[in-house]
Amino acid sequence: MAKRNARTAEDVDRFQMERVFEKHDTNQQIFNEVGQLVGSAINGRNVCIFAYGQTGSGKTHTMNYPWNEPNAPAGYVDFGIIPRSVEKISDFINTNQGIWELSISGKYIEIYAEKVYDLLRVETSTVRGKTVSAAPEVKVMYSKDNGLLAQASSNRRTRSTKGNAQSSRSHSLLTLQISARRVDGKGKQKTIGLLNLIDLAGSEEPDINDKASQQEGININLSLSELRKVLGQMADPKVKNISFRGSVLTKLLQTSLGTGCKTMMFVMLSPLKKDSKDTRSTLQFAMTAQQAKLKTSKAPPR
């Protein structure tokens, strides 16, 4: 997240971050600081972690690596946030046997051209309210090497663009519902948590020389614009009704941005001078997100 200070005499924008990760920081180091949010989902909260930034800035690497990168170096195991989150749930199950019983189900979908596709079955669906009829929940295996989720990730649409040789051309959303029940006789607590792990498509200028790529870029930018609009409304205390219905993306994110949710955004930046315009736009988006106010509520007892 970012906060911009007043302009200096040099007319430079300065942004204050809650946390900055350098290029040499590993996904393991990043997860060490954000992994407690997975614990919140196990404890019955609605949690959302998503990555935003221009194409090629490292969103999918941070969220999905190495599932999305078939050419990863041999022996390289710096898994991203999604596989590490699945592993953390597995660790909880293994260390709490006889105390807590967990049931995990999930959906893995992509939003492409304002349509929803089930990445586990590669079927299309329309959005009705907040559900996706063609993406039934499936049981999730508890391993960061999960073949099912890895295959789903490989089904996602990519295309070579001016900014990235393998650019994700859709938004992907992995939703895990975690049902927990105490079984050691010391209580009758039951909780249901939701963990949303989201890799947004990269924002970039549409390629006017490629009609297909141009339309993809338009759809991506429109949905990201609607997300910015929603966050702006959430930052404005005068706005009572948030317009989540402006795009498929914001419809599906409604449960992640509502009452009692914990939401964290990775702001992915390029250090290159040629990308300075996109970098500033990304930081301005982060400012809007930081000002958004999520209504709070107490989590169920645990």
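As the structure is a computational prediction, the values presented were derived from the model and not from experiment.

Definitions and cut-offs
- Residues numbered from 1 in each chain as written.
- Predicted model: local features only at pLDDT ≥ 70, side-chain atom pairs only at ≥ 80, totals over all residues.
- Heavy atoms only, no water.
- Helix = DSSP H or I, 4+ residues; strand = E, 2+ residues; numbered from the N terminus.
- Buried < 20%, exposed > 50% of the residue type's maximum accessible area, 1.4 Å probe, protein only.
- Contact = heavy atoms within 4.5 Å.
- Core = buried A, V, L, I, M, F, W, Y, C linked by side-chain atoms within 4.5 Å.
- 1 Å grid on protein atoms, 1.4 Å probe; cavity = no way out; pocket = protein on both sides within 12 Å on 5 of 7 lines; lining within 4 Å.
- Points joined across faces, edges and corners; volume = space filled by probe spheres on them.
- Nonpolar A, V, L, I, M, F, W, Y, C, P; charged D, E, K, R; others polar.

Would you mind going over the environment of Leu253 with me for this structure?
Residue placement: Leu253 occurs in helix α7 (residues 248-253). The exposure class of Leu253 is buried, given its relative accessible area of 3%. Put simply, Leu253 and Cys48 are 205 residues apart on the chain and 8.7 Å apart in space, counted from C-alpha to C-alpha. Not counting residues within four places of it along the chain, the set of residues in contact with Leu253 comprises Leu173, Ile198 and Leu227.

I keep staring at the nonpolar core and nothing clicks. Help me out?
Note that soluble globular proteins tend to have their nonpolar side chains buried in a common cluster. Residues Ile49, Ile81, Ile89, Leu102 and Phe266 are the most contacted members of the largest nonpolar core, which totals 33 residues. In terms of residues, this core owes the most to one element, helix α4 (residues 81-95), which gives six residues. If you look at the next biggest cluster of nonpolar residues, it comprises 28 residues, including Leu200, Ala201, Phe244 and Ala292.

Honestly, the layout of surface pockets in this entry has me stumped. Any pointers?
Once rolled over the atoms, a probe with the size of a water molecule shows which space is left empty. Taken as a whole, the largest pocket spans an internal volume of roughly 1,200 Å³. Residue lining of the largest pocket: 39 residues in total, with Arg19, Phe21, Phe266, Val267 and Met268 positioned closest to the centre. A per-element tally of the lining of the largest pocket places strand β14 (residues 261-268) first, with seven residues. Tallied by class, residues from the lining of the largest pocket come to 20 nonpolar, 11 polar and eight charged.

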